[in-house]
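# Coordinates in review
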Amino acid sequence: MDNVLISQEDTIFALASGLERAAIAIFRVSGPKSASLLKSLCGTLPKPRYASLRTIWNNYETKDDALDEALILWFPGPRSYTGQDSFEIHLHASAAIVESVSEACVAHGGRPAEPGEFTRRAFLNGRLDLIEAEGVADLIASQTQAQRRQALQQTHGALSKLYEGWRSELKEILAFSEALIDFSDEELPQEVEKNLRRRILHLIKEMQTHVGDGDYGRRIRRGVVVAIVGPPNVGKSTFLNWVSERDAAITSPIAGTTRDALEITTTISGVKTTFVDTAGLRETADIIELEGVKRAMFHVKHCDFVIQIFTPNAIPKEIFDNAILLGNKADLGPIPSIIEGQNVISVSLKNHIGLRELKDKLAKKIEKLVSSHSAMPYMNRARHRAAVVESIEHLGHSIEDLPEEIRCEELRLSMNALGRLTGRVNSEELLDSIFGEFCIGK
Amino acid sequence: MKITSYDVIVIGGGHGGCEAAAASSRMGARTLLLTGNKNMIGAMSCNPSIGGIGKGHLVREIDALDGIMGRAADRAAIHNKILNRSKGPAVQGLRVQADRGLYSNAIQELLIQCKNLTIIEDMVERFIVSGAGSLEGVCCASGKTYSSAAIILTTGTFLDGTIHIGHEVTPAGRIGEKPSIGLAHDLKELGMKLGRLKTGTPPRLRRQTINWSDLSKDKGDPQPEYFSLLSQDIPRQFVPCAITRTTSKTHKIVAENIQSSAMYSGHISGQGPRYCPAIEDKIMRFPDKENHQIFLEPEALPNHPGGDLIYPNGISNSLPRHVQEDIVHSIPGLEHAQIVQYGYAVEYDFLDPRQLYSSLMVKHVKGLFMAGQINGTTGYEEAGAQGLLCGINAALYSKGEELVTLDRGSSYLGVMIDDLTTHGVSEPYRMFTSRAEYRLSLRPDNADQRLTPLGMKWGCIGERRKKIFQTLVKSLDQAEKKAKSEEFLPSLLREKGVKLSNDGKKRNFLEVLAQNPSPEIIENIAPWFVQLSPRVQRQLKIQSRYKGYLSKQEREIAQLRKENALLFPDDIDYDSIGGLSTEMKERLKKERPRNFQEARKIQGLTPSALIAIMVYLGKHKKHVA
């Protein structure tokens, strides 16, 4: 347990919102020194839980350096997110302001929070249960609506409910199996044993369906990745420009490495989508280009789908798996409508021809990738997935040709695995890995 | 007035009291056993059988701690059967039907052999308590007083016992025996929380009046086994039992007379066991079931005292006498059966066992220990196992030594004690194998290895057992070593018929055993192995076959012990622990857990509350250091 014995004595601070693309930056502080820290920044404590506009000073006492005009919210413990005295400052989103407020906080006895430390405190102080805590992590990380929906669903216990449902079914199965052992000298109805097998198989199937959903959940969390491939000069950059111009406010170009990829992240149908421009795919002897081709293949292998671009004078002989075929420069010559049984979208990116069809096709493809066929909440944590897979594995053993006491043991192990998801098991490893995944500042 | 002083006084001569007295005297304490009726020492008040699933495990554990129940049952056995034989070694249970007379004789003989043990027939009327509230001794009906600082209470159903037959109510602990009313009063005075439970027993039938010819028989196992490591070559005689069933007529009689049943007329408030229901309950609660099985078990060998009595297992009830007659006569084979003693329900006081430490000492009355039905359990085996631990601890207490207990990773006894002292009881508590989360590790076959070394450390193991046990351990070790040293190539093993992959990896004989090879194959590749004693062979087979599960449980048990060792200081101030809600604080203050493990089991205590306590304890420790 030692590693969960993290002290709550320190007063910690962190930026609770992203800096990019935002008008304000939310700064969050929690810990026993919150009140004195807040006073040092702006004089007096405002009315609890009411927003109030204040000047934020580097040092209120000496009135040196006004840093910003900001909204502040004071949350005395225990009625705060962490359960401790806390406050929020809504600063103007500028790296310089945030940096100087951080420095002021350190000067007045605060320290930057470790990843997940706010939520860990909330958990330690009984403000959140384990699954809720994880849901909160996702909520924070979510940058798009679909992510937010999923995170909210989890926080509201849809996932807990699902797991509890399995658990109670498993509990009943286990109870009947135990009865067959402990009361074997009694006359138990013969169908009990037969029904058990049926119920176990049914539960396995249900859980497997859910595990199969895992990819959808992961895509929502990290977004969808699309690789753009094609020989040089077919219009890959134009395509990227078109994608990024669709909604300039929410694109953020991130510089790729020297020669290979340029990434554009945008939102399509509420899903974070990253387009990766790969280096031109052609056979080359140039060492640097070789490296680029290698990386291109890496992206192709790890993306959710490929957009393969070509032109009338370079119709591809081979098409990639899972690709949308995009025939560009349709104004320059004929483009086949089908290649190897695959539909081709003809466009002219330069002359804005066929772009509507392209847009629809992209939206549909992405929606399909993130929408599950079942009504279950998305599986979105590797930990959850591992636990359910383990639970299924033991369930599988429990119907093998083994002594009854071993089959029962497998059912218990299956139940224990599932039990880990509801946070009832006190395992330090579990806590560490959960909290290690948290984004700082909620 | 003459006061005689003892190290330990045991009140009650039932199964709990006998084990307690025997254990205390084995520990070297000068022990007094007080019983209301010397002849009834070791009496089987209800069914004439010992062991079964879960219960058989307890008997093996009692034996491993050098107790007397297993040895007595082996001497008195007249019908042996291993239940669950096909379901695996961990859930098998030996069930023995015993000759009542032989059994109580065996118990009494074993007690007489105990050094330091005095048995006196007298009825304890009240405790002697000092001004400071500590126990000093007991006063008896005879006017005699016995003093001791360590007292073990095993009053069974005698504590304010009331017997019900129909609407007739008689104060009694057993039929024809006076209850213990003064003690119940004293316990309340001492501030203890008492509850009421109920149990029942069927009518007893005269053997000669039963028509046996049409009934199916159960002869038991052809090669009867023993409970005790010490038992061998006991001359025994086995008799079959017979099986019959209730009829629709039986069910009709019960339904028509249900209002005259003590249980259904509102006379009984105590909760009865759901797993051992009276026939009234079976019929009223499961109306769809057309008939219920009844085992006709002889209470003794035909030519022995009580040999003409048959125990009809399955028709326990509290109906009026004439209804009991009608019921019995509605059952095939019992049409003309004569009832020798009518069935009855007995209600008795028990103490909420959450008032006990895991040593079975009462939390706020130092020196007072309790075992058996008074703790809310049912069954001879449950009582005996608790009695044994009480005996050990009362002796340790009298010497001023630290008390001991067993945990869930060590034994069924440990599971039972933990269940009782943590959760209390809502119905009479009986042992089931499903209560043991480390079931695969807590097998009847390895009870000696699990507990005898502990018993040796505590001082409750006699010389004879020590020797036999050490010989056993030695032969097990030698066999294991040899099995590990013998290696085989997979090609050879496959040739001999062992199913495994031909990966070129050598396997030792233990690894071969894990593949569950046939006896012929074993004899072929390791002829030395079949020369070993059946017990050693069996254990090696189980250990190798279950290795994966067993080592996993071993790690879990180690974790459990680590958490048990995380002690909460007595003066822990829950109000000063940050992050504990008022509700959590209240639960903790009420339960006062002594370690992390106990805290973890408090119902409704959230993980975050636990972490908050750990955080606090971590800080606390730092301040101390």
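Our structure's up above, just so we're on the same page.
Anyway, here's the lowdown on the structure attached to this text. Because the structure is predicted, anything quoted here is derived from the model rather than measured. (Residues numbered from 1 in each chain as written. Chains lettered and ligands numbered in written order. Predicted model: local features only at pLDDT ≥ 70, side-chain atom pairs only at ≥ 80, totals over all residues. Heavy atoms only, no water.)

This next bit is on the sheet that holds strand β16 (residues 216-218) of chain B. Residues and elements named next belong to chain B. Read from one edge of the open sheet, six strands run β16-β17-β18-β19-β15-β20, paired in antiparallel fashion. The sheet is open, and its two borders are formed by β16 and β20 (339-341), each paired with just one other strand. Each strand axis lies, on average, 40° off the axis of its neighbour in the sheet, ignoring direction. Across two bridges, the pairing between strand β15 (residues 204-206) and strand β19 (residues 309-313) is antiparallel. What sits directly across from leucine 205, in β19, is isoleucine 310. (Pairing = 2+ DSSP bridges. Helix = DSSP H or I, 4+ residues; strand = E, 2+ residues; numbered from the N terminus. Axes fitted to C-alpha atoms, helices over the stretch in contact; angles between N-to-C directions.)

This paragraph deals with the packing of helix α2 (residues 55-64) of chain B against helix α11 (residues 447-458) of chain B. When two helices pack together, their arrangement is captured by the angle between the axes and the distance separating the axes. Residues and elements named next belong to chain B. Contact geometry of α2 with α11 gives a least axis separation of 8 Å together with a crossing angle of 40°. The chirality of how α2 crosses α11 is right-handed. Here α2 contributes Arg60, Glu61, Asp63 and Ala64 to the contact with α11, which in turn contributes Ala447, Asp448, Arg450, Leu451 and Thr452. Looking at the contact of α2 with α11 residue by residue, the classes come out as three nonpolar, one polar and five charged. (Left-handed = near helix turned anticlockwise from the far one by under 90°. Contact = heavy atoms within 4.5 Å. Nonpolar A, V, L, I, M, F, W, Y, C, P; charged D, E, K, R; others polar.)

Residue and element names in this part refer to chain B. Enumeration over the complete set of coordinates arrives at 39 salt bridges over all chains. A salt bridge links glutamate 299 to arginine 100; the shortest N-O distance between them is 2.3 Å. With glutamate 299 in the loop between β18 (293-298) and β19 and arginine 100 in helix α4 (residues 100-112), this pair connects stretches of sequence that are 199 residues apart. An identical accessibility class is assigned to glutamate 299 and arginine 100; each is buried. The partner of arginine 354 in a salt bridge is aspartate 352, with the nearest N and O atoms 3.0 Å apart. You can call arginine 354 partly exposed: its relative accessible area is 33%. One connected set of salt bridges, linked through shared partners, spans Arg60, Asp63, Asp66, Arg71, Asp448, Arg465 and Arg535. (Salt bridge = Lys/Arg side-chain N within 4 Å of Asp/Glu carboxyl O. Buried < 20%, exposed > 50% of the residue type's maximum accessible area, 1.4 Å probe, protein only.)

Attention now moves to the environment of Asp160(B). All names here are of chain B. By secondary structure assignment, the location of aspartate 160 is in the loop between β11 (150-153) and β12 (162-165). Owing to a relative accessible area of 25%, aspartate 160 belongs among the partly exposed residues under this scheme. With 24 residues separating them along the chain, aspartate 160 and alanine 184 place their C-alpha atoms 6.2 Å apart. Ignoring sequence-local partners within four residues, the contact set of aspartate 160 consists of Ser180, Ile181, Ala184, Arg196, Glu347, Tyr348 and Asp349.

A separate point is helix α7 (residues 191-212) of chain A. Residues and elements named next belong to chain A. The end-to-end C-alpha distance of α7 is 32 Å, a good match for the 32 Å that 22 residues give at a rise of 1.5 Å each. Listed in full, the buried residues belonging to α7 are Val192, Leu196, Arg199, Ile200, Leu203, Ile204, Met207, His210 and Val211. Burial along α7 is one-sided: seen end-on, the buried residues are contained in an arc of 145°. The exposed residues of α7 that point more than 90 degrees off its buried face are Lys194, Arg198, His202 and Lys205. (Expected span 1.5 Å × (residues − 1). Arc of directions from axis to C-beta.)

The next thing to look at is the packing of aromatic side chains. On inspection of all chains with the given rule, the structure shows 11 aromatic pairs over all chains. Between Tyr163(A) and Trp166(A), the ring centres sit 5.8 Å apart and the planes meet at 45°, which makes this aromatic pair tilted. Within this pair, Tyr163(A) and its partner Trp166(A) are both found in helix α6 (residues 158-182), separated by three residues, close to a single helical turn. The exposure class of Trp166(A) is buried, given its relative accessible area of 2%. Aromatic side chains Tyr546(B) and Tyr549(B) sit 6.5 Å apart centroid to centroid with 75° between the ring planes, which places their arrangement in the edge-to-face category. Here the two residues Tyr546(B) and Tyr549(B) agree in accessibility, since each one is buried. Grouped by ring-pair contacts, the aromatic residues Phe488(B), Phe509(B), Trp528(B) and Phe529(B) constitute a single cluster. Here the guanidinium or amino end of Lys63(A) rests over the ring plane of Trp57(A), the centre of that ring lying 5.8 Å away. The ring of Tyr429(B) has Arg435(B) sitting right over it, with the charged end atom 3.8 Å from the ring centre. (Phe/Tyr/Trp six-rings, centres within 6.5 Å; stacked < 30°, edge-to-face > 60°. Lys NZ or Arg CZ within 6 Å of the ring centre and 35° of its normal.)

Time to look at unusual backbone geometry. The omega torsion across Gly77(A) and Pro78(A) is 0°, close enough to zero to call that bond cis. Here Pro78(A) is to be found in the loop between β4 (64-75) and β5 (86-92). You will see that Asp66(B), though not glycine, has its phi angle at about 70°, which is positive. As for its position among the elements, Asp66(B) is in the loop between α2 and α3 (69-76). Its identity as a non-glycine residue notwithstanding, Asp233(B) has a phi of 50°, on the positive side. Relative to the helices and strands, Asp233(B) is located in the loop between β16 and β17 (241-245).

Residues and elements named next belong to chain B. For α4, spanning 13 residues, the distance from its first C-alpha to its last is 18 Å, which sits close to the expected 18 Å at 1.5 Å a residue. Turning to α4, its buried residues number three or more, namely Arg100, Tyr103, Ser104, Ala106, Ile107, Leu110 and Leu111. Buried residues of α4, seen end-on, are gathered within an arc of 155° and therefore sit on one face of the element. For α4, the capping residue at the N-terminal end is aspartate 99, with a side-chain oxygen 3.0 Å from the backbone nitrogen of glycine 101. (Polar contact = N/O pair within 3.5 Å; in protein donor to acceptor, adjacent residues only side chain to side chain.)

On to the pairing of β5(A), then. Residue and element names in this part refer to chain A. Most of β5 is tucked away, with six of its seven residues classed as buried. Pairing of strand β2 (residues 24-30) with β5 involves seven bridges; the strand directions are antiparallel. The residue of β5 that forms the bridge with alanine 25 is leucine 91. When β4 meets β5, the two strands line up antiparallel, connected through five bridges. Along β5, the bridge assignment pairs leucine 71 with histidine 90.

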